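Working through the structure, step by step
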Amino acid sequence: SGLGARADALIDQFRIRHVAHLKAGELSYGQQKLVDIAMAFMSEPDLVLLDEPCAGVNPMLVGGISKLLKELNQTRKGSFVVIEHNMDFVMDLCHRIMVMVEGQVLAIGTPEQIRGNKQVLDAYLGN
(Lines give C-alpha, C1' and ligand atoms only; values in the text may rest on other atoms or scores of the structure.)
Protein backbone atom coordinates (compact mmCIF):
# COMPACT_ATOMS: atom_id res chain seq x y z
CA SER A 1 0.00 0.00 0.00
CA GLY A 2 2.43 2.65 -1.21
CA LEU A 3 1.94 5.94 -2.97
CA GLY A 4 0.25 4.32 -5.95
CA ALA A 5 -2.47 2.74 -3.84
CA ARG A 6 -3.03 5.96 -1.90
CA ALA A 7 -3.20 7.99 -5.12
CA ASP A 8 -5.67 5.48 -6.60
CA ALA A 9 -7.89 5.71 -3.54
CA LEU A 10 -7.88 9.53 -3.65
CA ILE A 11 -8.58 9.57 -7.40
CA ASP A 12 -11.66 7.45 -6.75
CA GLN A 13 -12.73 9.40 -3.66
CA PHE A 14 -12.44 12.69 -5.57
CA ARG A 15 -14.29 11.18 -8.53
CA ILE A 16 -11.59 12.17 -11.04
CA ARG A 17 -10.83 8.73 -12.48
CA HIS A 18 -12.22 9.83 -15.88
CA VAL A 19 -9.47 12.48 -16.18
CA ALA A 20 -6.63 10.66 -14.39
CA HIS A 21 -4.84 9.97 -17.69
CA LEU A 22 -4.59 13.71 -18.50
CA LYS A 23 -1.88 16.17 -17.52
CA ALA A 24 -2.96 18.67 -14.87
CA GLY A 25 -2.70 21.52 -17.40
CA GLU A 26 -5.34 19.83 -19.57
CA LEU A 27 -7.93 19.75 -16.76
CA SER A 28 -10.64 22.32 -16.16
CA TYR A 29 -9.95 24.79 -13.37
CA GLY A 30 -12.39 22.97 -11.07
CA GLN A 31 -10.74 19.61 -11.80
CA GLN A 32 -7.34 21.19 -11.07
CA LYS A 33 -8.70 22.36 -7.69
CA LEU A 34 -9.82 18.80 -6.93
CA VAL A 35 -6.35 17.50 -7.81
CA ASP A 36 -4.77 20.19 -5.59
CA ILE A 37 -6.96 19.19 -2.64
CA ALA A 38 -6.37 15.46 -3.23
CA MET A 39 -2.60 16.07 -3.33
CA ALA A 40 -2.80 17.77 0.06
CA PHE A 41 -4.05 14.46 1.51
CA MET A 42 -1.43 12.20 -0.13
CA SER A 43 0.91 12.22 2.87
CA GLU A 44 -1.99 11.68 5.31
CA PRO A 45 -1.18 14.86 7.24
CA ASP A 46 -2.54 15.73 10.67
CA LEU A 47 -3.37 19.26 9.49
CA VAL A 48 -4.39 20.44 6.02
CA LEU A 49 -4.50 24.14 5.12
CA LEU A 50 -6.87 24.87 2.25
CA ASP A 51 -6.48 28.38 0.87
CA GLU A 52 -9.67 29.42 -0.92
CA PRO A 53 -10.65 26.00 -2.29
CA CYS A 54 -13.75 27.56 -3.91
CA ALA A 55 -12.09 30.57 -5.55
CA GLY A 56 -12.84 30.60 -9.27
CA VAL A 57 -14.64 27.26 -9.11
CA ASN A 58 -17.92 26.65 -10.93
CA PRO A 59 -20.70 27.12 -8.32
CA MET A 60 -21.99 23.64 -9.16
CA LEU A 61 -18.68 22.15 -7.94
CA VAL A 62 -18.60 24.07 -4.63
CA GLY A 63 -21.17 21.71 -3.07
CA GLY A 64 -19.14 18.73 -4.29
CA ILE A 65 -15.98 20.09 -2.68
CA SER A 66 -17.86 20.59 0.60
CA LYS A 67 -19.21 17.03 0.44
CA LEU A 68 -15.73 15.61 -0.25
CA LEU A 69 -14.18 17.51 2.64
CA LYS A 70 -16.94 16.31 4.98
CA GLU A 71 -16.24 12.71 3.88
CA LEU A 72 -12.51 13.18 4.41
CA ASN A 73 -13.16 14.71 7.83
CA GLN A 74 -15.11 11.60 8.85
CA THR A 75 -12.78 9.00 7.36
CA ARG A 76 -9.33 10.41 8.18
CA LYS A 77 -7.74 11.64 11.34
CA GLY A 78 -6.62 15.24 11.38
CA SER A 79 -8.00 18.72 10.99
CA PHE A 80 -8.57 21.29 8.27
CA VAL A 81 -7.98 25.01 8.32
CA VAL A 82 -9.92 26.61 5.48
CA ILE A 83 -9.36 30.18 4.34
CA GLU A 84 -12.38 31.09 2.25
CA HIS A 85 -14.54 34.07 1.32
CA ASN A 86 -17.53 31.96 0.26
CA MET A 87 -19.53 32.20 3.48
CA ASP A 88 -22.19 29.70 2.42
CA PHE A 89 -19.40 27.13 1.92
CA VAL A 90 -17.81 27.98 5.28
CA MET A 91 -21.13 27.89 7.16
CA ASP A 92 -21.99 24.51 5.61
CA LEU A 93 -18.57 22.91 6.16
CA CYS A 94 -16.97 24.27 9.31
CA HIS A 95 -17.69 23.53 12.96
CA ARG A 96 -15.72 26.51 14.24
CA ILE A 97 -15.22 29.79 12.40
CA MET A 98 -12.87 32.72 12.90
CA VAL A 99 -13.88 35.95 11.17
CA MET A 100 -11.09 38.43 10.49
CA VAL A 101 -11.26 42.01 9.28
CA GLU A 102 -8.09 43.75 8.13
CA GLY A 103 -5.92 41.16 9.90
CA GLN A 104 -7.73 41.42 13.22
CA VAL A 105 -9.88 38.68 14.77
CA LEU A 106 -13.44 39.94 14.91
CA ALA A 107 -15.23 36.82 16.16
CA ILE A 108 -14.75 33.10 16.81
CA GLY A 109 -17.62 30.66 17.18
CA THR A 110 -19.96 28.12 15.69
CA PRO A 111 -21.76 28.91 12.43
CA GLU A 112 -24.86 29.81 14.46
CA GLN A 113 -22.90 32.18 16.69
CA ILE A 114 -21.23 33.83 13.71
CA ARG A 115 -24.56 34.23 11.84
CA GLY A 116 -25.99 36.04 14.85
CA ASN A 117 -22.94 38.17 15.67
CA LYS A 118 -23.79 41.88 15.30
CA GLN A 119 -20.14 42.91 14.72
CA VAL A 120 -19.81 40.36 11.90
CA LEU A 121 -23.08 41.49 10.33
CA ASP A 122 -22.02 45.15 10.56
CA ALA A 123 -18.59 44.43 9.07
CA TYR A 124 -19.78 42.25 6.20
CA LEU A 125 -23.26 43.51 5.48
CA GLY A 126 -22.73 47.18 6.32
CA ASN A 127 -25.73 47.31 8.65
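Structure: see above.
Let us look at the structure shown here. (Residues numbered from 1 in each chain as written. Predicted model: local features only at pLDDT ≥ 70, side-chain atom pairs only at ≥ 80, totals over all residues. Heavy atoms only, no water.)

**Considerations on the state of the cysteines**
Quick note on the threshold: When the sulfur atoms of two cysteines come within 2.5 Å, that pair is taken as a disulfide. Buried, partly exposed and exposed residues are distinguished by accessible area as a fraction of the type maximum, computed with a 1.4 Å probe on protein chains only: under 20%, between the cut-offs, and over 50%, respectively.
Under the counting rule described, the total for this entry stands at zero disulfides. Among the cysteines around Cys-54, which has no disulfide bond, Cys-94 carries the closest sulfur, lying 9.9 Å off. Accessibility expressed as a relative area gives 6% for Cys-54, which makes it buried. Residue Cys-94 is classed as buried on the basis of its relative accessible area of 17%.

**Side note on the packing of helix α2 (residues 29–40) against helix α3 (residues 59–75)**
The following threshold applies: Between N-to-C directions, angles span 0 to 180 degrees; the directions come from axes that are lines fitted to C-alpha atoms, helices contributing only their stretch in contact. Starting at the N terminus, helices and strands are each numbered in turn, a helix being any DSSP run of H or I of at least four residues and a strand any DSSP run of E of at least two. In what follows, roughly perpendicular refers to angles from 65 to 115 degrees, roughly parallel to angles under 35, roughly antiparallel to angles over 145, and oblique to any angle outside these ranges. Handedness of a crossing follows from how the near helix is turned relative to the far one, being left-handed for an anticlockwise turn of less than a right angle and right-handed for a clockwise one. Residue contacts are counted whenever heavy atoms from the two residues lie within 4.5 Å of one another. Ten residue types, Ala, Val, Leu, Ile, Met, Phe, Trp, Tyr, Cys and Pro, are classed as nonpolar, four, Asp, Glu, Lys and Arg, as charged, and the remainder, Gly among them, as polar.
The geometry of α2 relative to α3 is characterised by a closest axis approach of 11 Å and an angle of 15° between their N-to-C directions. Taken together, the axis directions place α2 and α3 in an arrangement best described as roughly parallel. By crossing handedness, the relation of α2 to α3 is classed as right-handed. Seen from α2, the contacting residues are Gly-30, Leu-34 and Ile-37; seen from α3, they are Leu-61, Ile-65, Leu-68 and Leu-69. By residue class, the composition of the contact of α2 with α3 is six nonpolar, one polar and no charged.

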